[in-house]
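Observations on the model geometry
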Amino acid sequence: MNAQGRPTAAFAGESAGGEETVTGNRGLRIEEPLIFEQDSPGMTGVDLPAVPDAPLRLGTVRPRGRIGLPGLAEPQVVRHYTRLSQKNYAIDTGLYPLGSCTMKHNPRLNEKMARLPGFADLHPLQPQATVQGALELMDTLAHWLKTLTGMPAVTLAPAAGAHGEMCGMMAIRAALEHRGEGGRTRVLVPESAHGTNPATAAALGFTVDPVPGAPDGRVDAAALKAKLGSDVAGIMLTNPNTCGLFERDIRSIADAVHEAGAYFYCDGANFNAIVGRVRPADLGIDAMHINLHKTFSTPHGGGGPGSGPVVFSESLAPFVPVPFVVHGPDGLRLVEHAGGPDAGTAFGRMKAFHGQMGMFVRALAYILSHGADGLWQASGDAVLNANYVMARLGDVMTPSFDGPCMHECLFDDRFLKGTGVTTLDIAKALIDEGFHPMTMYFPLVVHGALLIEPTETESRAGLDQFVDTLRALAERARAGDAAAWFQAAPRLTPRRRLDETTAARKPVLRWKEGEGRAGP
Ligand SMILES: *Cc1c(COP(=O)(O)O)cnc(C)c1O
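Residues numbered from 1 in each chain as written. Predicted model: local features only at pLDDT ≥ 70, side-chain atom pairs only at ≥ 80, totals over all residues. Heavy atoms only, no water.

Within the largest apolar cluster, 57 residues are counted, with the highest numbers of intra-cluster contacts made by Leu141, Leu145, Phe264, Leu292 and Phe296. For this core, the secondary structure elements donating two or more residues are α4 (132-149), α7 (221-227), β4 (232-238), α8 (250-259), β5 (263-267), β9 (331-335) and α10 (357-393). Examining the composition of this core, we find that eleven residues originate from one element, α10, more than from any other. When near neighbours in sequence (up to four residues on either side) are disregarded, Leu145 contacts Val154, Leu156, Ile290, Leu292, Phe296, Pro309, Val311 and Ile367. (Core = buried A, V, L, I, M, F, W, Y, C linked by side-chain atoms within 4.5 Å. Buried < 20%, exposed > 50% of the residue type's maximum accessible area, 1.4 Å probe, protein only. Helix = DSSP H or I, 4+ residues; strand = E, 2+ residues; numbered from the N terminus. Contact = heavy atoms within 4.5 Å.)

Okay, the packing of aromatic side chains next. Evaluation of the coordinates by the stated rule reveals five aromatic pairs. Arranged with centres 5.4 Å apart and planes meeting at 10 degrees, the rings of Phe36 and Trp511 form a pair that is stacked. One end of the pair, Phe36, is in the segment before α1 (74-86); the other, Trp511, is in the segment after α14 (500-505), with 475 residues separating them in the sequence. A relative accessible area of 31% means that Phe36 is categorised as partly exposed. For the pair Phe435 and Phe466, a centre-to-centre distance of 5.3 Å together with 70 degrees between the ring planes defines the contact as edge-to-face. Placement of Phe435 in the loop between α11 (423-432) and β12 (439-440) and of Phe466 in helix α12 (residues 460-478) is noted, with a sequence separation of 31 residues between them. Comparing Phe435 with Phe466, the two get one shared label, buried. The ring of Trp376 has Arg277 sitting right over it, with the charged end atom 3.8 Å from the ring centre. (Phe/Tyr/Trp six-rings, centres within 6.5 Å; stacked < 30°, edge-to-face > 60°. Lys NZ or Arg CZ within 6 Å of the ring centre and 35° of its normal.)

Across the sheet, which stays open at both edges, the seven strands sit in the order β1-β7-β6-β5-β4-β2-β3 with mixed pairing between neighbours. The open sheet has two edge strands with one neighbour each: β1 (153-155) and β3 (207-211). Adjacent strand axes in the sheet meet at a mean angle of 20 degrees, parallel and antiparallel pairs treated alike. The sheet contacts of α4 involve β1, β6 (287-289) and β7 (310-312), and relative to β1 the element is tilted by about 130 degrees. Packing against the sheet, helix α6 (residues 196-203) makes contact with β2 (186-190), β3, β4 and β5, and its axis sits at approximately 160 degrees to β4. (Pairing = 2+ DSSP bridges. Axes fitted to C-alpha atoms, helices over the stretch in contact; angles between N-to-C directions.)

Bringing the site of the ligand into the picture now. If you check the shell around the ligand, you find Ser100, Ala160, Gly161, Ala162, Glu165, His194, Thr196, Asp267, Ala269, Asn291, His293 and Lys294 and nothing else. Measuring from a nitrogen atom of the ligand, one finds a side-chain N or O atom of Asp267 at 2.5 Å. His293 places a polar side-chain atom, nitrogen or oxygen, 2.7 Å from an oxygen atom of the ligand. For the ligand, the accessible surface in isolation is 380 Å², of which the surrounding protein chains cover 87%. Breaking the shell around the ligand down by element, the ones donating at least two residues are α5 (161-178) and α9 (292-295). Broken down by element, the residue count for the shell around the ligand peaks at three residues, all from α5. (Near = heavy atom within 4 Å. Polar contact = N/O pair within 3.5 Å; in protein donor to acceptor, adjacent residues only side chain to side chain. Areas by Shrake-Rupley, 256 points an atom, 1.4 Å probe, with all protein chains shown as cover.)

Below, the discussion takes up α11. Burial analysis of α11 places nine of its ten residues in the buried class, which makes it a mostly covered element. Those residues of α11 not exposed but buried are Thr423, Leu424, Asp425, Ile426, Ala427, Lys428, Ala429, Leu430 and Asp432. In the core, the buried residues of α11 are packed alongside β12, β13 (450-452), α12, α13 (483-487) and α14. Looking one or two residues beyond α11, the residue adopting positive phi is Gly434, at roughly 95 degrees.

With seven of seven residues buried, β4 is to be regarded as a mostly interior element. In the sheet, β2 pairs with β4 via three bridges, with the strands oriented parallel. Across the sheet, the residue bridging to Leu188 is Ile235, located in β4. Across five bridges, the pairing between β4 and β5 is parallel. By the bridge assignment for β5, Leu237 is matched with Cys266. Tracing the backbone out of β4, into α8 and back to the parallel element β5 gives a crossover that is right-handed. (Right-handed = clockwise from strand over helix to strand, strands pointing away.)

Moving on to the sheet that holds β13. Taken together, the four strands give an open sheet; going across it, the order is β10-β11-β13-β12, and neighbouring strands pair in antiparallel fashion. The sheet terminates laterally at β10 (398-399) and β12, the two strands that pair on one side only. Pairing of β12 with β13 involves two bridges; the strand directions are antiparallel. Its bridge partner being in β13, Met440 is matched across the sheet by Leu450. Lying over the sheet, α10 contacts β10, β11 (409-412) and β13, oriented at roughly 30 degrees with respect to β11.

Relative to the helices and strands, Val421 is located in the loop between β11 and α11. Take Val421: its relative accessible area is 5%, and that puts it in the buried class. With near-sequence residues (within four places) excluded, Val421 lies in contact with Leu416, Ile426, Ala477, Ala483 and Phe486.

According to the stated counting rule, one finds zero disulfides in the structure shown. Of the cysteine sulfurs around Cys101, a residue in no disulfide, the closest is that of Cys409, at 14 Å. This cysteine, Cys409, is not joined by any disulfide, and Cys405 carries the nearest cysteine sulfur, 5.1 Å off. Overall, Cys409 belongs to the buried group, its relative accessible area being 0%. (Disulfide = S-S within 2.5 Å.)

With respect to the helices and strands, Gly118 occurs in helix α3 (residues 117-120). Along the backbone, Gly118 and Ala317 are 199 residues apart, and their C-alpha atoms lie at a distance of 31 Å.

The following block contains the structure:
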């Protein structure tokens, strides 16, 4: 049964009125109205002089009425946004086991470095002679990304992993066109892939050809090789894959892909599992994005921006987009114009300006403060933590594949069979227990997936608390007659079970006077 979007029903066992308060507030958690609902017309935080009676200079464009901003005093605004911020769950407040997202602790050192005025206050149009330090930082980060991956070229520009995928596939297309093989339009993508992989290929006009998985959770290498042909542009493979497993056949797959005249794009979102231990170049990869916000710890997920540098092999290096840093007689210089004298066969550019500077600073601070041994330990501990979770839950939940796993462990919903409880119910019950849920229903290759990525920054004590909670929930689900209790979850949040399907299909993004609000 697909229980997603099930509307909230009061749980029968709940004491009627027992949890009610006069105000609707619970403890110090305030039932916060929308800012528009707090409107006191005419109220303002500043005293502005009356608007002088000046002639309109907008020609025929005339204001038709008030623009509808609420009247508020400054303390009201401050409290409103502070209260909203307190409703956030963040990696700074607790375990965030969202699989494939690498929600690890963001060391404060990174933040301190990113706030140095010499980095934080730069303007992207400043003369290059005045930003030599920033260019050196970009050049140094590029050096370490190339070193960690063994690849000869990198672009720092892409704004996230998905944008990096697009960049890598555009370089592949440019390389194919350059050698007169632009007719290669098929891209092979395993069924377990993150949705951005087929979306990227499709957005660029490639035809997506799905490759089935093998029973052991890896891609079916024989099926993949059988699909290779003279119309294949490339493959997009994730390693470790989204089942948390290392693709054992990756070398022979790479060889077969190259033999067929195609390119190997690797989705590097899971680099955290192998950084400092495996160099993607040694696996035969031609292009791979690195999610700086995942592997190198910069805040993400309702927080900071993404950043998705892409590393390239020798064969794709000539097509790396602008801008990139070069060493000249007068110091460092940015090559900014595709088609210009130093840009070679760069295929173009991915975005305005130079990339997410603040994230470059954070990522480099993370890399340099860890050092080679620290990165080696981080990936090892990430894998150890995931295997610990898998081992401690293996008897009450159902691991989808035989272990060991890499940095995340995948369960499916077979352990819930016959209980009336679903993966979604488990996730909602976890919220009541104070944990952000794991990734649910992804990857699609197993039924009712629960994908847990603890990361290396969780202590054993923290993992034990989480595991003990999940064990208790799994046992409760199996205790019989528990379905109604689970289906009522979350019971302790400001909003209860939401109709997520309607919210996604018919989002209400604007407040309209007099419409009121939907119920809890
Ligand atoms: C996170 C992720 C992406 C997309 O990265 P964004 O930075 O969110 O755009 C792609 N593939 C996998 C496997 C991921 O986990």
